[in-house]
Each structure stands twice: as C-alpha cells, then as structure tokens.
Amino acid sequence: MRKIITFLSSTLLIFVASFSFTTVAKSAEFFTIGTGGPTGVYFQTGNAICKMLHKSAISADHGRKKGTAKAYRCTAPSTGGSNYNIGQIKEGEFQFGVAQSDWQFHAVNGSSKWEGKQFKGLRAVFSVHNEPFQIWARKKAKVKDFKGLKGKVVNIGNPGSGQRGTMEELMKAMGVDNGYFKSTTELTSSEQVKALCDGKIDAFGYSVGFPNGAMEQAATCGAKALPINLVGGPVQGLIDGADYYAAATIPAGTYTGQKKDVTTFGVKATVVTSNAVEADLVYQVVKAVFENFDDFKKQHPAFAPLKKEDMIADGLSAPLHEGAKRYYKEAGLM
Ligand code: GLU
C-alpha cells in the first residue's frame, strides 16, 4: 500500500512539475540587457532592472489577474560597454543596453565612430546616473593633469567601450594621439585597477558612476583622479559644443584620501533599445523600474540622486521608444 502511495505521489509530482514547467516555458519571454565590465555600474544597472522586472512579474503572477502582463524574464551579462551594446542591439542580439549619452547621440546620428554605420532605429528608454570622465594616475607616476601623461603608459580602454571612445574624443580635443604617451594598453575596466596598482600602467581614463568599488580600490593603493581643467580650455569647447557632455564634479571625500572636489566633464548613463523591440516589453521594463523606484535607487549608491523627471529628459538624443512614452504619459510624467 505504502509503495502504491509513494508511486502515485511521485507520478503526481512529475506531472505537476512538468505541467508548471511547460506553463512557464510557454508564457515567459526572455531578453537581454547589455551592460559593461563586472566591476562597473552598468553591470549593476542591468541587473537592477531585471530584478525590478522579476519582482513585478512575481506580484502579477501571485495576483493571478487574468490578462495581466506577459511574463518577461531577463539576463544582464557583463559586456565590452556602450558601443558594443549598441552594436548588439542593432544586430538584434540584445534587446536593451546601457550606453553613454555621447555614444547614444553618435549612433543615432551616424557621427564619430558611427560614421557610415548610422543606427536610425536606436531608441531611448531613460537615463540613469552621471558618469564623470576620470583620469586615474598612480602616485609614483607623479602626474598632475592631462598634459602630464606625456611619455606615460596609459590604458585607453577596450575597443567597444564607451571609455575608449570618450578617451579618444578627449585626446582629439587636446590635440594629441597615442604617440603622446610612452605606450597605450587596451585593458578592460575590470583589469585596469589591478594593472595601475601593480605599476603596469601609469594611468587610465574611465567614464563611470560614483561611488564605485573599483575606484575605491585604486584610491586605496594611493592612486588619484586628476582634475581636468575646463575653464577656457579645450574641454570647455567639448562641453559647449555638445548636449551630451556636461561639467561634472566628484565631491571631496568620495574616495579614500580625496581631499578636494575633482572637476571634469562627463556623460549620462542611459538605457537604450531598438524600434524593432515590441512596445509592450519596453512598457513593462519602464513600469517595473518606475513603480519600484525606491527599491531601484537602493540597488547602487550611484542611483541615490535619481529623479524620474530628469531620467526621461536628460542625456537622451535618440527618440523615446513608443512603449516608454506610453508609460510616461500614463504615469503623468509627460
Ligand atoms: N561608461 C563605461 C562604458 O561605456 C561603462 C561604465 C560601467 O560599466 O559602469 O564603457
């Protein structure tokens, strides 16, 4: 008798398990958000968005309301950064990505690195945190400003990263090329801090939100973020000439040993998608973030200053995706 009961209950279990598996497999739609290196803020951004979406999906499932949202599930893998993400969205490999405001602009307009490869279907979703462009130099390199990088070993970032692109724009503005440095490296954002602390490179340029754990590691080994002179200098020209750049400050005390504000220029981190992505998906992603906003902001200290009104206006040069617009109108934000 006991054997029969055990047999029946395990059969029932297999039946129930396979039934619920087919239900989930049939109704869930999977998509990908491209991020950045595992030690950056983009990786946290993509994963925070997925977390908010899954949280909304769970409460909708538990409510068992008929006709509620399709079950969307996402992954946010680490990637090469902004331009890589936009390229993958263009190819239809990723549905969303995090990208710097300057590269969003260039991709949709076919300028700079995107000349001849214009991506007219690129769509803005919202902007996130500020990303001051930072040049970190190790103590022994005795560098005080950009000019002091002459003859030094400098990491300009991996191809495909936003940091690489923006470093090249800065170099252009300063009237220098790779030959100005002793040598350049193409390390990823997650490799550069160790290389700096080990003395393998003298400096790196990086656009990233703050506070950031990896930069704190650099500060702890004695490295410093250099101020970039704006007033009257060539970088002021960069800021004046483009909406996607702004003056930026890393306040004193952000990192160990940082006694003064670090002034520089910066971009916004933005979330982008394609006009080929269905409106309902974009709507659900935006809704999940905006309706769990306090929780979203807690996912990384760089999100603390975020305001919904700014997120739908600042740093966006591609048209807003219609699914995002639908939510903003419905929520009375537009
Ligand atoms: N802004 C960097 C880039 O586009 C990524 C920064 C981050 O990972 O937080 O390459």
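These lines cover the structure that appears in this document, whether it is placed above or below.

Rules of the game
- Residues numbered from 1 in each chain as written.
- Predicted model: local features only at pLDDT ≥ 70, side-chain atom pairs only at ≥ 80, totals over all residues.
- Heavy atoms only, no water.
- Phe/Tyr/Trp six-rings, centres within 6.5 Å; stacked < 30°, edge-to-face > 60°.
- Helix = DSSP H or I, 4+ residues; strand = E, 2+ residues; numbered from the N terminus.
- Buried < 20%, exposed > 50% of the residue type's maximum accessible area, 1.4 Å probe, protein only.
- Lys NZ or Arg CZ within 6 Å of the ring centre and 35° of its normal.
- Axes fitted to C-alpha atoms, helices over the stretch in contact; angles between N-to-C directions.
- Parallel < 35°, antiparallel > 145°, perpendicular 65-115°, else oblique.
- Contact = heavy atoms within 4.5 Å.
- Nonpolar A, V, L, I, M, F, W, Y, C, P; charged D, E, K, R; others polar.
- Near = heavy atom within 4 Å.
- Polar contact = N/O pair within 3.5 Å; in protein donor to acceptor, adjacent residues only side chain to side chain.
- Areas by Shrake-Rupley, 256 points an atom, 1.4 Å probe, with all protein chains shown as cover.
- Expected span 1.5 Å × (residues − 1).
- Salt bridge = Lys/Arg side-chain N within 4 Å of Asp/Glu carboxyl O.

Comments concerning the packing of aromatic side chains
Item 1. Taken as a whole and judged by the stated rule, the model has 17 aromatic pairs.
Item 2. Taking 5.4 Å as the distance between ring centres and 55 degrees as the angle between the ring planes, the aromatic pair formed by Phe31 and Phe96 counts as tilted. Of this pair, Phe31 sits in strand β1 (residues 28-34) while Phe96 sits in strand β3 (residues 96-100), placing them 65 residues apart in sequence.
Item 3. On the accessibility criterion, Phe31 (3% relative accessible area) is buried.
Item 4. Using a relative accessible area of 1% as the deciding quantity, one classes Phe96 as buried.
Item 5. Judged by centre distance (5.8 Å) and plane angle (80 degrees), the rings of Tyr180 and Phe181 are edge-to-face.
Item 6. Cluster of aromatic residues (ring-pair linked, three or more members): Phe126, Tyr283, Phe290, Phe293, Tyr327 and Tyr328.
Item 7. The side chain of Arg326 reaches across the aromatic face of Tyr283, ending 5.0 Å from its centre.

Some remarks on the packing of helix α6 (residues 189-197) against helix α7 (residues 213-220)
Two quantities define a packed helix pair, namely the angle between the helix axes and the distance between the axes.
Item 1. Where α6 meets α7, the closest approach of the two axes is 9 Å, and the angle between their N-to-C directions is 5 degrees. One element, α6, and the other, α7, form an angle in the roughly parallel class. Taken together, the residues of α7 that come into contact with α6 (itself represented by Val193, Leu196 and Cys197) are Ala214, Met215, Gln217 and Ala218.
Item 2. Partitioning the contact of α6 with α7 into residue classes produces 6 nonpolar, 1 polar and no charged.

Notes on the site of the ligand
Item 1. Lining the immediate environment of the ligand, one finds 13 residues, of which Val41, Ser82, Gln100, Gly162 and Ser207 sit closest.
Item 2. Ser82 has a polar side-chain atom sitting 2.5 Å from an oxygen atom of the ligand.
Item 3. Contacts to the ligand include Gly162, whose backbone N or O atom sits 2.8 Å from an oxygen atom.
Item 4. Relative to its free-state accessible area of 300 Å², the ligand is covered by the protein chains to the extent of 98%.
Item 5. Residue assignment for the shell around the ligand shows that the elements contributing at least two residues are α2 (41-63), α5 (162-174) and β7 (203-207).
Item 6. When grouped by side-chain class, the residues that make up the shell around the ligand number 4 nonpolar, 8 polar and 1 charged.

What to know about the environment of Lys117
Item 1. Tracing the sequence through the fold places Lys117 in the loop between α4 (101-109) and β4 (122-137).
Item 2. Here Lys117 falls in the partly exposed class, since its relative accessible area comes to 43%.
Item 3. On a C-alpha basis, the gap between Lys117 and Ala107 in space is 7.6 Å, while along the polypeptide they are 10 residues apart.
Item 4. At 3.4 Å, the side chain of Lys117 forms a polar contact with the backbone oxygen of Lys113.

Description of α5
Residue pairs three or four apart in sequence face the same way in an α-helix, which turns once every 3.6 residues.
Item 1. For α5, built from 13 residues, the straight-helix expectation of 18 Å at 1.5 Å per residue is met to within 8% by its first-to-last C-alpha distance of 18 Å.
Item 2. Buried within α5 are the following residues: Gly162, Gln163, Arg164, Gly165, Thr166, Met167, Glu169, Leu170 and Met171.
Item 3. Gly175, located one to two residues past α5, shows a positive phi value of around 75 degrees.

Remarks on the side chain of Thr273
Item 1. Secondary-structure assignment places Thr273 in strand β10 (residues 262-274).
Item 2. Residue classification places Thr273 among the buried positions, given a relative accessible area of 0%.
Item 3. At 2.7 Å, the side chain of Thr273 forms a polar contact with the backbone oxygen of Gln95.
Item 4. When residues no more than four places from it in sequence are discounted, the contact partners of Thr273 are Ile89, Gln95, Phe96, Gly121, Leu122, Arg123, Val125, Val282 and His321.

Things to note about the environment of Ala276
Item 1. Turning to its location among the elements, Ala276 is positioned in the loop between β10 and α9 (279-291).
Item 2. The exposed category is assigned to Ala276, whose relative accessible area is 71%.
Item 3. Taking C-alpha positions, Ala276 is 9.4 Å from Ile89, a pair spaced 187 residues apart along the chain.

Here's the deal with the pattern of salt bridges
It is possible for side chains of opposite charge to pair when their charged atoms get near one another.
Item 1. Per the stated rule, a full pass over the model turns up 7 salt bridges.
Item 2. With its nearest N and O atoms 2.5 Å apart, the salt bridge here joins Lys55 to Asp295. Of this pair, Lys55 sits in helix α2 while Asp295 is found in helix α10 (residues 293-297), placing the two residues 240 residues apart along the sequence.
Item 3. Residue Glu169 pairs with Lys172 through a salt bridge whose shortest N-O separation is 3.4 Å. With a gap of 3 residues between them, Glu169 and Lys172 both fall in helix α5, about one helical turn apart.
Item 4. Its relative accessible area of 14% is what places Glu169 among the buried residues.
Item 5. A relative accessible area of 57% means that Lys172 is categorised as exposed.

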